[in-house]
Amino acid sequence: MTDVELDRFPKLKRTLTGVVLAICFIIIFFPTFWMVASSFKPNRDAFSVPPQWVPRQPTLQNYVSQFQDRRGFLTYAKNGILVSIENALFTILISLPAGYAFARIRFPMKRTLMIVILASQMFPGVIIVISLFSTFRILHLLNTYSGLVLAFTSFSLPFAIWMIRGFFETIPVEVDEAAQVDGCNRLQILARIGVPCTVSQGDGLADAETGRSLFGARRALRAGGARPDWCAGEPQ
């Protein structure tokens with residue numbers, strides 16, 4: 001039945017639309033519901049068969065245990081927060097001038113470099129794990145915040161550069177030319193015109209960095225608990 005035919009039966013169309021939306025809502029939010037419900041269950045109920053959809057004996061013991069840091073949760077969280085913040089800062093500091101350069105400055109092999117940066121996003125990070133491990137071992141960066149920040153920043157930069165380049169290209173070139181007439185150099189144009197305009201146009205900088213920060217935070221939280229010695233204390 002086509003959409004034109006359904007227009008003849010508005011009640012049926014509204015009913016079918018509601019059913020489809022309800023199914024989509026359940027599929028999307030059921031994992032969140034199950035995660036929250038399981039957090040209030042004792043361990044024996046969380047893994048019971050058949051499953052308990054609603055906790056019969058709600059408890060806050062799971063949350064108490066986490067904040068008592070019995071399993072290193074606070075250490076993992078601290079590592080993840082610190083690494084994700086540093087990752088965001090370094091990504092901003094590097095991707096801003098890089099994106100501006102690709103958007104405004106002409107230099108040899110510019111198009112080739114952009115293609116290489118884009119192509120690097122096509123490969124999973126696990127491919128370079130061995131090379132990263134060897135490099136970090138030589139530089140004595142294993143089990144350090146600096147090593148994690150460097151690794152996550154290298155993963156974040158390609159996407160951030162492409163995003164910020166696109167926002168810079170939406171700014172008319174005449175604005176830069178007017179600033180040059182007033183005596184601004186490239187760095188001053190970037191700081192006084194490029195960044196404010198990029199932020200004002202759809203929060204471009206925030207869009208690019210929020211996405212990469214969340215991505216980095218997820219990885220950092222997972223990596224923060226990957227080493228047993230991180231559980232007992234801080235990285236060297």
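Residues numbered from 1 in each chain as written. Predicted model: local features only at pLDDT ≥ 70, side-chain atom pairs only at ≥ 80, totals over all residues. Heavy atoms only, no water.

Teacher, can you tell me more about the side chain of Q52 here?
Mapped onto the elements of the fold, Q52 is located in the loop between α3 (43-46) and α4 (61-67). Since its relative accessible area comes to 8%, Q52 is described here as buried. At a separation of 3.4 Å, a polar atom in the side chain of Q52 contacts the side chain of D45. (Helix = DSSP H or I, 4+ residues; strand = E, 2+ residues; numbered from the N terminus. Buried < 20%, exposed > 50% of the residue type's maximum accessible area, 1.4 Å probe, protein only. Polar contact = N/O pair within 3.5 Å; in protein donor to acceptor, adjacent residues only side chain to side chain.)

Explain the pattern of salt bridges here, please?
Note that side chains of opposite charge can pair when their charged atoms are close. Applying the stated rule across the entire model yields two salt bridges. The residue R104 makes a salt bridge to D176 at a minimum N-O spacing of 2.7 Å. Taken together, the positions of R104 in helix α5 (residues 73-104) and D176 in helix α9 (residues 173-181) put the pair 72 residues apart, joining distant regions of the chain. Take D176: its relative accessible area is 5%, and that puts it in the buried class. (Salt bridge = Lys/Arg side-chain N within 4 Å of Asp/Glu carboxyl O.)

Where do I start with helix α8 (residues 145-169) in this structure?
An α-helix turns once every 3.6 residues. As a result, residues three or four positions apart point the same way. In this model, α8 (25 residues) spans 35 Å end to end at C-alpha, consistent with the 36 Å of a helix rising 1.5 Å per residue. Taking the largest bend as the criterion, α8 deviates by roughly 35°, centred on L157, and proline P158 comes between one and four positions later. (Expected span 1.5 Å × (residues − 1). Bend = angle between axes of the 7 residues up to and from the residue.)

Help me out: how do you make sense of unusual backbone geometry in this one?
Excluding glycine, most residues fall at negative phi; most peptide bonds, likewise, are trans. Cis peptide bonds are those with omega within 30 degrees of zero, and the linkage from V49 to P50 qualifies with -5°. Mapped onto the elements, P50 comes out in the loop between α3 and α4. For M109, which is not a glycine, the phi torsion comes out positive at approximately 60°. Mapping M109 onto the fold places it in the loop between α5 and α6 (110-119). Looking at M109, the relative accessible area reads 58%, which means it is exposed.

How should I be thinking about the packing of aromatic side chains in this particular structure?
We describe a pair of aromatic rings using the distance from one ring centre to the other and the angle between the two ring planes. Applying the stated criterion to the full structure yields eight aromatic pairs. Between the aromatic rings of F25 and F29, the centroid separation amounts to 4.6 Å while the plane-to-plane angle is 40°, which identifies the pairing as tilted. With F25 and F29 both in helix α2 (residues 10-39) and four residues apart, the pair spans about one turn of that helix. Here F29 falls in the partly exposed class, since its relative accessible area comes to 43%. A network of ring pairs unites the aromatic residues F30, F33, W34 and W53 as a single cluster. (Phe/Tyr/Trp six-rings, centres within 6.5 Å; stacked < 30°, edge-to-face > 60°.)

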